[in-house]
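# Coordinate inspection notes
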Amino acid sequence: MEFTPERKAKFDEILKRYPVKRSAILPALHLAQEQEGWLSKETIQYVASLLELTPAQVHDTASYYVMFRFQPFGERHIEVCTNLSCSLYGADELVEHACKKLGVQEGERSADGKFTVTRVECLAACGGGAAVQVNGEWLENCTIADLDRVLAGEHVHRKFDWPQSAGTPVLLRNAFKKDSTSIETFKAGGGYSKLGEWLKMSPDDIIEQVKKSNLRGRGGAGFPTGLKWSFLPKDNPKPRYLVVNADESEPGTYKDRLILENDPHQLIEACIVSTHALRSKTCYIYIRGEFWEGIRTMERAVREAYAAGYLGQNILGTGIDVDVFVHGGAGAYECGEETALIESLEGKRGQPRIKPPFPAVVGLYGCPTIVNNVETISCVPLILERGPEWFAAQGTEKNGGPKLYCISGHVKRPGTYETGMGKVTLRELIYDEKYAGGIRDGHKLKAVIPGGSSTPMLTPDELDIPMDFDGLAKAGSMLGSAGTIIIDDSTSMVFVARKLTYFYKHESCGKCTPCREGTGWMLRLLEKLERGLGQMKDLDLLWKICDSISGKTVCPFGDAAIAPVQSGLKKFRPEFEYYVRNKGSWTRVAKTFEEALAKEGQGQTVGAS
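Figured I'd write up the structure that's included with this text.

Calculation notes
- Residues numbered from 1 in each chain as written.
- Predicted model: local features only at pLDDT ≥ 70, side-chain atom pairs only at ≥ 80, totals over all residues.
- Heavy atoms only, no water.
- Axes fitted to C-alpha atoms, helices over the stretch in contact; angles between N-to-C directions.
- Helix = DSSP H or I, 4+ residues; strand = E, 2+ residues; numbered from the N terminus.
- Left-handed = near helix turned anticlockwise from the far one by under 90°.
- Contact = heavy atoms within 4.5 Å.
- Nonpolar A, V, L, I, M, F, W, Y, C, P; charged D, E, K, R; others polar.
- Salt bridge = Lys/Arg side-chain N within 4 Å of Asp/Glu carboxyl O.
- Buried < 20%, exposed > 50% of the residue type's maximum accessible area, 1.4 Å probe, protein only.
- Pairing = 2+ DSSP bridges.
- Expected span 1.5 Å × (residues − 1).
- Polar contact = N/O pair within 3.5 Å; in protein donor to acceptor, adjacent residues only side chain to side chain.
- Core = buried A, V, L, I, M, F, W, Y, C linked by side-chain atoms within 4.5 Å.

Looking now at the packing of helix α6 (residues 91-102) against helix α7 (residues 144-151). To describe two helices that pack against each other, one gives the angle between their axes and the distance between the axes. Where α6 meets α7, the axes come as close as 10 Å, and the angle between the chain directions of the two elements is 35°. As for the relative orientation of α6 and α7, their crossing is right-handed in sense. Residue-level contacts link E93, L94, H97, A98, K101 and L102 of α6 to I144, L147, D148 and L151 of α7. A class-by-class count of the residues in the contact of α6 with α7 yields six nonpolar, one polar and three charged.

With the rule as written, the count across this model stands at 42 salt bridges. Put simply, R279 and D204 hold a salt bridge, and the shortest N to O gap is 3.2 Å. Of this pair, R279 sits in the loop between α13 (264-277) and β6 (282-287) while D204 sits in helix α10 (residues 203-212), and the two are 75 residues apart along the sequence. A residue is classified by how much of its surface remains accessible, and R279, at 46% relative accessible area, is partly exposed. Assessed through its relative accessible area of 39%, D204 is described here as partly exposed. With its nearest N and O atoms 3.1 Å apart, the salt bridge here joins E290 to R288.

This next bit is on the sheet that holds β6. If you trace the four strands from one edge of the open sheet to the other, you get β7-β6-β5-β8, paired in parallel fashion. A strand with exactly one partner marks an edge of an open sheet, and here the two such strands are β7 (323-328) and β8 (369-373). Each strand axis lies, on average, 20° off the axis of its neighbour in the sheet, ignoring direction. Bridge count between β6 and β7: six bridges; the pairing is parallel. If you follow I285 over to β7, its bridge partner there is V326.

Quick look at helix α21 (residues 493-507) now. The terminal C-alpha atoms of α21, which comprises 15 residues, lie 21 Å apart, in line with the 21 Å expected from a rise of 1.5 Å per residue. Judged by how many residues are buried, α21 sits mostly within the fold: eleven of 15 residues are covered. When α21 is considered as a whole, its buried residues turn out to be M493, V494, F495, V496, A497, K499, L500, T501, F503, Y504 and E507. A distance of 3.2 Å separates the backbone nitrogen of V494 from a side-chain oxygen at the start of α21, and that oxygen is part of S492.

Ranked by size, the top nonpolar core spans 65 residues in total, and within it L267, I272 and I285 carry the most contacts. Broken down by element, the residue count for this core peaks at seven residues, all from α13.

Here we come to the sheet that holds strand β11 (residues 445-449). Ordered by their spatial adjacency, four strands build an open sheet running β10-β9-β12-β11, and the pairing between neighbours is mixed. The open sheet terminates on both sides in strands that have one partner only, identified here as β10 (415-420) and β11. With strand direction ignored, the average angle separating the axes of adjacent strands in the sheet is 25°. Here strand β9 (residues 402-409) pairs with strand β12 (residues 483-488) via four bridges, running parallel.

Shape descriptors only; they carry no functional weight alone.
Here it is as structure tokens:
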């Protein structure tokens with residue numbers, strides 16, 4: 001096996017982006033799989049020879065990531081997201097329908113070699129569920145009829161129709177314009193007009209303005225951004241790096257994707273000035289591999305920025321040099337953790353490092369490194385353009401700036417909405433016509449996951465809280481990535497816990513025993529409950545397993561993994577107990593849990609499955 005001349009030229013160009021050859025391993029494997037269809041032994045050996053690695057090293061890395069295939073697939077790969085939001089929109093039924101119609105099991109090729117159907121974890125298309133990708137192209141809000149057209153050989157492509165926020169958006173000011181991805185549209189809206197001025201500012205002045213703005217990281221942790229930047233050692237002679245975390249994989253979250261696909265130059269301008277502020281010359285944008293369109297869009301925008309003189313050497317005659325490179329991942333939720341992302345960017349398995357040392361001191365290639373989320377970095381030009389005082393005033397105390405909130409599940413208007421940080425309550429976000437517009441007709445709200453799947457659930461009487469880091473912390477949950485999932489009264493909370501626990505079991509990197517073994521143990525117990533074989537002691541055991549994972553893993557993944565089970569048991573334990581008493585799900589006999597309890601009181605039970 002050898003690359004075609006075109007792909008070999010592309011590989012040679014990619015190789016120049018990194019100071020270490022091994023960093024090109026994921027792009028090289030993507031090129032090889034694109035050409036050959038899968039990664040054979042010979043393909044692995046060829047890639048290893050190009051990177052001066054052993055085949056074992058290449059296979060070790062490749063086998064960690066779910067997007068790489070080690071057997072032939074069909075000509076058209078149909079990937080159906082079956083995580084929670086998409087399951088609430090009927091995704092599991094899509095998988096069953098496609099496999100039955102093709103006469104195959106999941107992951108098999110159809111007899112004619114044309115199709116392979118697989119279920120995948122969160123595609124960051126939560127508002128457009130059920131979300132499907134066919135050979136990397138979006139088919140959102142997919143129905144059985146859409147899938148039948150795909151199986152009949154048609155090309156069906158549809159993206160989610162994002163609803164626009166009320167008022168005057170700031171972060172999303174360009175996202176819904178015609179030709180929003182082009183450099184001309186961005187410049188027409190004022191983009192790049194002040195870049196030369198900002199590059200003449202001292203890095204310390206920029207960092208001080210970011211500190212004053214009360215910008216906190218939008219990726220989940222909410223750490224003050226300016227403070228994080230100030231941790232870079234001033235006396236370290238090694239190169240510095242900015243890494244933008246665009247590995248948006250938290251179920252319920254799909255805000256960064258909107259920027260990547262609809263307004264790439266906003267992110268590029270932010271990367272340039274932020275890289276300068278960190279006294280760095282190189283920025284890598286690590287985009288999750290499933291964002292095929294986002295990667296294409298960002299790469300095209302980067303080329304435009306270089307051609308216009310906004311990237312490269314001596315930008316706008318300021319003497320400042322900045323390079324920005326797009327790096328695609330290959331399917332691993334754990335790479336959203338900053339040290340796992342760095343490992344992946346270095347061409348290894350995306351597993352977390354023990355901290356300290358922290359990336360600001362020993363990060364990418366052993367050099368000082370800052371890792372920030374897409375939305376976080378995109379805020380920096382706003383701070384410089386309008387002033388840190390303006391930015392801070394858009395939010396609440398210690399929670400500055402405009403904020404993007406995602407909402408999906410059983411609401412009338414799922415979408416990503418912009419407003420001031422903490423200027424909207426959870427109740428308003430769900431029920432106000434400016435936002436999600438309320439619960440779907442004929443149903444009542446049952447539970448809310450406010451900040452992505454790793455945040456504890458809230459109940460309908462816990463909604464009058466500001467949607468900022470401090471407000472949700474006081475309520476016993478977290479803002480996280482602001483990926484809000486709405487669950488109505490038609491849904492079993494045991495199902496919710498099992499669906500999300502499957503995700504965490506599937507995505508565990510395997511490094512820490514409590515996480516690796518605990519997630520699988522929890523999943524088996526939840527599956528046992530759903531089959532009608534559960535016992536009351538299993539509920540206590542589930543709680544004990546959560547306690548055995550909490551705080552006992554290298555990264556926060558373990559704490560994230562227990563959130564659905566722990567908060568489910570804490571706030572909806574009667575439903576779990578019902579499964580034990582009646583040997584199975586209440587959804588078999590009733591539309592709501594309240595109705596099921598009433599029938600149980602009349603002597604009607606579920607019965608064994």
